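Each chain is listed here by its residues.
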Amino acid sequence: MTRPPAGTPYWDAAELPTQPQLHGVVTADVAVVGAGLAGLSCAYHLAERAPGLDIAVVDAEHPAAGASGRGTGLLGPRAGPAVDRAVRRFGPQTARRMHRASERAVRDVLALCARLDVPCGLRTGEQLVATRSSAGLAALARQARACRELGLDVPVLTPAGIRDRVGVPYRAALLHRPAATLDPAALTCALARACADKGVRFYGRSPLLALRPGDLVGPELVLPHGRLYAGQAVLAVNSAAQALDLPVGTVLPLEVYAVATEPLSAPAYEALGGRAGHAVVDAVPMAPYFRLLPDRGLVAGGGTATVPAGVGAPRLQAVRERAWSWLERWLRALHPDLARVRVTHRWSGRIGMTGDDLPVVGPVPGYDDVWYIGGCCGHGLALSVAHGAHVAAALLGEPEPGEPLPWHRSRAPRLPARGPAGPLLRAYVDAMGRIARHTC
């Protein structure tokens, strides 16, 4: 992150391993930069498969300080563009593999939670991709047809079927399983502790300043107070790739917003599907979504996104205030019993977006033994864990069988994020947010 995100998330950072600043010259077999879910998953799977490996995790702050600890905890299947667009771009066979890979990623996170035995408020359930607008209805119809033709188990829900689950008048929905909701910060911190238990070393408050090819073996990582020399390196830095000038294409930082409420009344909680733990995501891109919490609170996110690069602090704070205020009005209109619910937490976080909606998971061009992970485009809770495991296997010479998925690549498309065209890109993102808010 180029600037600390604002607000206080609902989630608290749990107990963390010792993380001294990196000083002097340090060596490791593998250096992992970024203590979010992707980097920690990579370190965890490396330590599990190769117990004698010397692994160092370095972070600009601490585990869960970034997007992994500031999300909204929706765990559901989705990777890349919507399934109908994936069919048009990649063909039916690859589109099917993409969706099934995202379902497998969800199951892997559920298995990881069970293995770590972490108290992260995990509630398995269903995820509804629903709509109340004509544009969303058309998008869902295209996706439903594609899922049916691909043989994917994604049922269509009628208004009556939706009312059986959630008392909000949506016109149609697609039902995604497996799915769950959880506390993303608790999972991230538990993964950090599990890594430390396996002998992984942690260095905090040590932002990466530069990456250089090593003189002998492996890369040199330049940090404020020292150098880290490693045989291999994994840069799980998401949209910070742009600030580091990594040659991985454009992974655009977007600031997104969320709010959480006090516990709802029992009738409101039940009406919104509280007992079953559903999450509801609007079918229109950037539109708002909500999930319920184990303590009967509600978390809402979406509706607005901001390209923060080049935006001054006062203006960015004003954007945040408007985004939070809009989300509060939206959630109070969801159900009559929410009209006077009190919002207790407001926060923002940074996600990484690419021009084609696909992540980037692959070797960094021009550097031997350096890999990059980022650009999950808002679907990082499941995908980050999967990407970390994928890169760990590749570093150990155990690549996955079959053809690579479309996001196993070294570059995303370039976008005009800098220079004179930057304001145009920002205006486009703002316009998409206004369209999304208008349709809700």
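Quick caveat: nothing in here was measured; it's all calculated off a predicted structure.

(A) Representation of the overall build of the protein in the model. Scanning the protein for helices and strands turns up 10 helices and 17 strands. Since a compact globule built from 440 residues should have a radius of gyration of about 22 Å, the 21 Å found for the protein is in line with a globular shape. Overall, the protein is about 65 × 50 × 45 Å in size when its C-alpha atoms are taken along their principal axes. Scored against the burial criterion, the 440 residues of the protein give a buried share of 57%. Long-range contacts, defined here as pairs at least 24 residues apart, represent 78% of the contacts in the protein between residues at least 6 apart. Counting every atom, the protein has about 17800 Å² of accessible surface; 53% of that belongs to carbon and sulfur.

(B) Highlighting the packing of aromatic side chains. This structure, assessed with the given rule, holds 3 aromatic pairs. Their ring planes at 90 degrees and their centres at 5.0 Å tell us that Tyr10 and Trp11 sit as a pair that is edge-to-face. Taking the centre distance of 6.5 Å and the plane angle of 85 degrees together, the rings of Tyr257 and Trp324 count as edge-to-face. Residue Tyr257 is located in strand S11 (residues 252-261), and its partner Trp324 is located in helix H8 (residues 313-332); the two are separated by 67 residues in the primary sequence. Arg132 extends its terminal NZ or CZ atom over the ring of Tyr170, reaching a point 5.1 Å from the ring centre.

(C) Geometry of the nonpolar core. Membership of the largest hydrophobic core comes to 66 residues, with the highest contact counts inside it found for Leu116 and Leu187. Looking at which element gives the most residues to this core, the answer is helix H3 (residues 92-116), with 9 residues. Excluding residues that lie within four positions of it along the chain, Leu116 makes contacts with Tyr44, Leu187, Ala190, Leu191 and Ala194. Listed in part, the 34 residues of the second largest apolar core include Leu157, Leu298, Leu316 and Leu327.

(D) Broad picture of the pattern of salt bridges. Going through the model one piece at a time under the given rule, you end up with 19 salt bridges. A salt bridge links Arg201 to Asp54; the nearest nitrogen and oxygen atoms lie 2.9 Å apart. Note that Arg201 is positioned in strand S7 (residues 201-203) and Asp54 in the loop between helix H1 (37-49) and strand S2 (55-58), a separation of 147 residues in sequence. You can call Arg201 partly exposed: its relative accessible area is 25%. Between Arg177 and Glu126 there is a salt bridge; the shortest N-O distance is 3.8 Å. With a gap of 51 residues between them, Arg177 in strand S6 (residues 172-181) and Glu126 in strand S4 (residues 123-131) connect regions that are remote in the sequence. Under the relative-accessibility criterion, Arg177 is labelled partly exposed at 32%.

(E) Spatial organisation of unusual backbone geometry. Pro178 follows Arg177 through a cis peptide bond whose omega is -5 degrees. Among the secondary structure elements, Pro178 is positioned in strand S6. At Asp357, a residue that is not glycine, the phi angle is positive and equals roughly 70 degrees. Here Asp357 shows up in the loop between strand S15 (343-353) and strand S16 (360-363). With a phi angle near 65 degrees, Asp369 is a residue other than glycine that sits in the positive phi range. Secondary-structure assignment places Asp369 in the loop between S16 and strand S17 (370-374). You can call Asp369 partly exposed: its relative accessible area is 38%.

(F) Focus on the pairing of strand S13 (residues 289-292). Covered by surrounding structure in S13 are Tyr289 and Arg291 together with Phe290 and Leu292, the residues of both alternating faces. Both strand S12 (residues 279-282) and S13 contribute to a ladder of 3 bridges, which runs antiparallel. If you follow Val280 over to S13, its bridge partner there is Phe290. Between the antiparallel neighbours S12 and S13 lie 6 residues, among them Met286 with a positive phi of about 70 degrees. Alignment of S13 against strand S14 (residues 298-306), held across 4 bridges, turns out to be antiparallel. Bridge pairing in S14 places Arg291 opposite Val299. Once S13 ends, the chain turns through 5 residues before running back antiparallel as S14, passing Arg296 with a positive phi of about 80 degrees.

(G) Summary view of the environment of Arg171. Structurally, Arg171 can be placed in the loop between helix H5 (159-163) and S6. Overall, Arg171 belongs to the partly exposed group, its relative accessible area being 38%. Not counting residues within four places of it along the chain, the set of residues in contact with Arg171 comprises Thr131, Arg132, Ser133, Ser134, Leu137, Pro159 and Ile162.

(H) Representation of the UniProt feature "domain: FAD dependent oxidoreductase" (unreviewed entry) in the protein in the model. Following the UniProt record, one finds the feature "domain: FAD dependent oxidoreductase" (unreviewed entry) at residues 29-393. Secondary structure content for residues 29-393 is 33% helix and 28% strand, while the C-alpha to C-alpha distance between its ends is 15 Å.

(I) Fine view of the side chain of Thr131. Within the secondary structure layout, Thr131 lies in strand S4. Taking the relative accessible area as the measure of exposure, Thr131 reaches 0% and is therefore buried. Among the polar contacts listed, one links the side chain of Thr131 to the backbone nitrogen of Ser133, at a separation of 3.1 Å. With near-sequence residues (within four places) excluded, Thr131 lies in contact with Gly136, Leu137, Leu140, Tyr170, Arg171, Ala172, Asp282 and Ala283.

(J) Quick look at the packing of H3 against helix H6 (residues 184-197). Packing of H3 against H6 leaves a shortest axis separation of 11 Å and a crossing angle of 60 degrees. Viewed along their axes, H3 and H6 adopt a mutual orientation that is oblique. H6 is crossed by H3, and the crossing has left-handed handedness. Contacts between H3 and H6 involve Val109, Leu112, Cys113 and Leu116 from the former and Leu187, Ala190, Leu191 and Ala194 from the latter.

Rules of the game
Residue indices follow the written sequence of each chain, beginning from 1 at its first position. In keeping with the model being predicted, local features are shown solely for residues with a pLDDT of at least 70 and side-chain atom pairs are shown and tallied solely at 80 or more, while totals for entire chains, interfaces and linings include all residues. Hydrogens are left out, water is left out, and the side-chain values use all remaining heavy atoms of the structure. Here a strand is any run of E in DSSP of at least two residues, a helix any run of H or I of at least four, and the numbering for each starts at the N terminus. The reference for a compact globule is 2.2 Å times residues^0.38; the radius of gyration itself is calculated from the C-alpha atoms. The buried label goes to any residue with under 20% of its type's maximum accessible area, the exposed label to any with over 50%, and the partly exposed label to all in between, with areas taken from a 1.4 Å probe on protein chains only. Any two residues having at least one pair of non-hydrogen atoms within 4.5 Å are treated as being in contact. Here, Shrake-Rupley sampling with a 1.4 Å probe gives the accessible areas, and only protein chains in the shown set may cover a residue. Side-chain rings of Phe, Tyr and Trp (the six-membered ring for Trp) are treated as a pair once their centres are within 6.5 Å; stacked means planes under 30 degrees apart, edge-to-face means over 60, and tilted covers the remaining angles. Criterion for a charge above a ring: Arg CZ or Lys NZ at most 6 Å from the ring centre, at most 35 degrees from the ring normal. For our purposes a nonpolar core is just a set of buried Ala, Val, Leu, Ile, Met, Phe, Trp, Tyr and Cys residues, chained together by side-chain atoms within 4.5 Å. The rule for a salt bridge is simple: a side-chain nitrogen of Lys or Arg has to be within 4 Å of a carboxyl oxygen of Asp or Glu. In this description, strands pair whenever DSSP reports at least two bridges between them. UniProt positions are given in the numbering used here, feature names are shortened, and annotations may be inferred rather than shown by experiment. Counted as a polar contact is a pair of N or O atoms within 3.5 Å, where, for protein atoms, one must be capable of donating a hydrogen and the other of accepting one, and residues adjacent in sequence contribute only when both atoms are in side chains. Here the axes come from fitting lines to C-alpha atoms, over the contacting stretch only for helices, and the angles between their N-to-C directions go from 0 to 180 degrees. Should an angle lie under 35 degrees it is considered roughly parallel, over 145 roughly antiparallel, and from 65 to 115 roughly perpendicular; all remaining angles are considered oblique. When the near helix sits turned anticlockwise from the far one by under a right angle, the crossing is termed left-handed; a clockwise turn instead gives a right-handed crossing.

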